[in-house]
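# Close look at the chain arrangement
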Amino acid sequence: MTRPPRSRKSAPRTDEPAEIPGSGARLAALRMLDAVLRRGDPLDQAAPPLLRPVPRADDRALALAIAQEALRWLADLDALIDGATRLTLPEDAKARTVLRLMLVQVLRLGLPPHAVIATGLPLLVGGPRRLAHGVFSTIVGSADKGADLLPPVPSLPEAVAARWGLAWGERAQAIAAGIAVPPPLDLTLADSEATGQWAERLGGTSLMPGHVRLPRGQAVETLAGYEEGAWWVQDLAAALPARLLGQPQGAGRALDLCAAPGGKTLQIAAAGWQVTALDKSARRLERLSANLERTGLAATVVAADALTWEPEAPFDAILVDAPCSATGTCRRHPDVLHRMPAIEELSVLQASLLERAAGWLAPGGTLVYAVCSLEPEEGEAQARRLAGQGLTPVPVTADELPAGLVPTAEGWLRTDPGMFPEQGGLDGFFAARWRRG
């Protein structure tokens, strides 16, 4: 089942509820949902200021979990609401939004209905509390009788389902299945030779050297190895493009283009390259610099626009991790499913960045292009566009990837959230590689 994207014409009211324990977390979740669905804001940008008034860390975590799960199952929650009332609740009605939040707490987070009612209905200040209470009780009553109310696979928004159906055919259903559960915690190790040691010490598993996977919900700062910078958080798929640069022969110079927040910069530096990390956002580079300090790795950090910046000398290796729609991160950022990406505009920017980077590559140098996108216009189409510009394609090989992951027929890397379901899945990424001369 699919449903259209939410209307953004008007905002649901978010008046302050009565002061009830836990109501602050629910109000923050309500406002986060409003920011994403009405204004089109990315959740990771909207959340921090909205969570700031919530004093307890566990309540902040709960608020974020409520918003994320509501976005993950939005179409199916709406189907339940529509089936439980004869009235037509507008897509942006506050009562609908509150019901989404209330239902997801019971159906996905396992909270008791009485607690959800006590903290949810006060959000409807001056609103139809009786209606919301009745709809909620009708739906939850079905669950009490053993009904499996949500499907095993979330329904995609109509626009996303249509786009991915054209791009990936039957694979779109596997991608949707990969969105159903929030992802585990992936760590990239500074020293890949210590993989077994860190997997055992942290109680995790490894899908390839230099990687450790832990169950979600870990407090990252409290884990062994954090303070000494032995690892950093990075999805396994996100860690693959930088690996494709290999290791330098001698004092190789590498450029990480659009580098913030820095996971790939850390990888390239750990591999032995002399790294220049370039990004136009000075604020986001602050996080990169903090990670360099924590890990003890070195890089030259440059805040500049890659479309106007010029290097002093060519590079032996360049990674273009281009700005994109980020639809490949939908299992950890379900808000991307409800924000229409400007794919055409982004593809123009990607092509410009890739063309400029190709001109900065030294003879014999390696260029890797990557995007965390499931849109072929941002991945496969860009790789085809680069053909005939003096670069030789270098196919990705299976031994460079986790066991069970194979390159495409063209020698490219393509991952999606439906892959490795038994092991916890992957983000969606595309990467391709070339060499000059």
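Source: prediction; values computed, not measured. Here, residues in each chain are numbered from 1, in the same order as that chain's written sequence. Local features are withheld for residues below a pLDDT of 70 in this predicted model, meaning they are given only at 70 or higher, and side-chain atom pairs are given and counted only at 80 or more; totals for whole chains, interfaces and linings count all residues. No hydrogens and no water enter the side-chain calculation; it runs on all heavy atoms of the structure.

## Things to note about the overall build of the protein
To be explicit about the condition: Counting from the N terminus, the helices are DSSP H or I runs at least four residues long and the strands are E runs at least two residues long. With C-alpha atoms as the basis for the radius of gyration, the globule rule is written as 2.2 Å multiplied by the number of residues raised to the power 0.38. Buried means the residue's accessible area, taken with a 1.4 Å probe over protein chains only, is under 20% of the maximum for its type, while exposed means over 50%, and partly exposed covers the values in between. Whether two residues are in contact is decided by their heavy atoms: any pair within 4.5 Å suffices. Methods summary: accessible areas were calculated by the Shrake-Rupley approach with a probe of 1.4 Å, and residue burial reflects only the protein chains presented. When charges are counted, Lys and Arg contribute as positive and Asp and Glu as negative, whereas His and the chain ends are disregarded. Here the site of a charge means atom NZ of a Lys, CZ of an Arg, CG of an Asp or CD of a Glu.
Across its full length, the protein carries 15 helices and 11 strands. Whereas a compact globule of 437 residues would reach a radius of gyration of roughly 22 Å, the protein reaches 23 Å, a difference of no more than 12%. Structurally, the protein occupies a C-alpha span of about 70 × 45 × 40 Å along its principal axes. When each of the 437 residues of the protein is scored for burial, the buried share is 53%. Partitioning the intrachain contacts of the protein with sequence separation of at least 6 by distance along the chain shows that 72% fall at a separation of at least 24. Surface exposure of the protein reaches about 18900 Å², of which carbon and sulfur atoms provide 53%. Each charge class in the protein can be summarised by its mean position, and for the 44 positive and 49 negative side chains these summaries are 6 Å apart.

## Some points on the sheet that holds strand β1 (residues 185-189)
How we decide: Pairing between strands requires that DSSP locate at least two bridges from one strand to the other. The convention used is that axes are lines fitted to C-alpha atoms, helices contributing only their stretch in contact, and that angles between N-to-C directions extend from 0 to 180 degrees.
Taken in spatial order, the 3 strands of this open sheet run β2-β1-β3, and their pairing is antiparallel. Of all the strands in the sheet, just β2 (211-214) and β3 (231-233) have a single pairing partner and so form its edges. Averaged over all pairs of adjacent strands, the angle between their axes in this sheet comes to 30°, without regard to strand direction. Where helix α10 (residues 195-202) meets the sheet, it contacts β1, β2 and β3, and its direction lies at approximately 15° from that of β2.

## As for the environment of Pro215
Tracing the sequence through the fold places Pro215 in the loop between β2 and β3. Along the backbone, Pro215 and Ser325 are 110 residues apart, and their C-alpha atoms lie at a distance of 27 Å.

## Description of helix α2 (residues 43-51)
Stated formally: Starting at the helix axis, one direction is taken to each C-beta atom, and the arc is that of these directions.
The set of residues buried in α2 consists of Leu43, Ala46, Ala47 and Leu51. Taken end-on, α2 shows its buried residues confined to a sector of 110°, consistent with a single buried face. Those residues of α2 that are buried lie in contact with α1 (23-37) and α3 (57-72).

## A short note on the pairing of strand β6 (residues 300-303)
Put simply, the rule is: We call a crossover right-handed when, viewed with the strands running away from us, the connection from the first strand over the helix to the second turns clockwise.
The pairing of strand β5 (residues 274-279) with β6 spans 4 bridges and is parallel. Of the residues in β6, the one forming a bridge with Ala277 is Val301. Tracing the backbone out of β5, into helix α13 (residues 282-295) and back to the parallel element β6 gives a crossover that is right-handed.

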